[in-house]
Amino acid sequence: DATASDILMLFLKEQKKELLRKKDTLTQAIYEFYFENKLSKKDNVLKQQFDSAVKVIKMLIITGVESGEFACEDPEGTARNIMYVLEGLKISAQTRGITPDTVDKELLYIYRSLGVEE
C-alpha cells in the first residue's frame, strides 16, 4: 500500500543514514579505486548503480505524477539531479563532514522540487 512518495521518502531516509554513518563505510576506498583505475563505462559498477538508481527514481516520480502526489515536468532530469545531489553529499561527508541538518535541508529541497510540502 506504499505510495510513490512513501517509497521515495524511505529511499532518501536510508541514504541519509548512509551519509551520516561514520564507521564501517567503504565509500572512501571505493572512490579511491575509481580515481586510480579508469574503467570502461561497461565495467564501471558505480556508473551502473547510478544509472539504475536514476531509472528507479524516474519511475517513482512518474508514478507519483500520475497519482497526483508529485508535480514534475522532467522525471528523468529530476531523478538524475537527485542522484547527483546524493553523490555530492557522499563526497562532502567523506571530505569535510556533513551534519544531519545539512542533509535534511537538501532532502527537503528535493521534496519541495516535487511539490511535496513535507
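About the criteria used
- Residues numbered from 1 in each chain as written.
- Predicted model: local features only at pLDDT ≥ 70, side-chain atom pairs only at ≥ 80, totals over all residues.
- Heavy atoms only, no water.
- Core = buried A, V, L, I, M, F, W, Y, C linked by side-chain atoms within 4.5 Å.
- Buried < 20%, exposed > 50% of the residue type's maximum accessible area, 1.4 Å probe, protein only.
- Helix = DSSP H or I, 4+ residues; strand = E, 2+ residues; numbered from the N terminus.
- Contact = heavy atoms within 4.5 Å.
- Salt bridge = Lys/Arg side-chain N within 4 Å of Asp/Glu carboxyl O.

Chemist: Pulling in residues and values, what's your account of the nonpolar core?
Modeler: Soluble, globular proteins show a tendency: their nonpolar side chains are buried together. In this structure, Leu 8, Leu 12, Ile 57, Ile 61, Ile 82, Met 83 and Leu 114 are the most contacted members of the largest nonpolar core, which totals 26 residues. Put simply, the parts of the chain that give this core at least two residues each are α1 (4-20), α3 (45-67), α4 (75-95) and α5 (100-113).

Chemist: Hey, could you go over the side chain of Thr 78 for me, with residue numbers and the actual values?
Modeler: In this fold, Thr 78 is placed in helix α4. If sequence neighbours within four positions are ignored, Thr 78 has contacts with Ile 61, Cys 72 and Leu 114.

Chemist: Give a description of the pattern of salt bridges that names residues and reports values.
Modeler: Following the criterion strictly, the structure yields eight salt bridges and no others. Linking Glu 18 and Arg 21 is a salt bridge whose minimum nitrogen-to-oxygen distance equals 2.1 Å. For Arg 21, a relative accessible area of 39% gives the class partly exposed. Between Lys 47 and Asp 51 there is a salt bridge, and its shortest N-O distance comes to 2.6 Å. One end of the pair is Lys 47 and the other is Asp 51, both in helix α3 and four residues apart, which spans about a single turn. A residue is classified by how much of its surface remains accessible, and Asp 51, at 30% relative accessible area, is partly exposed.

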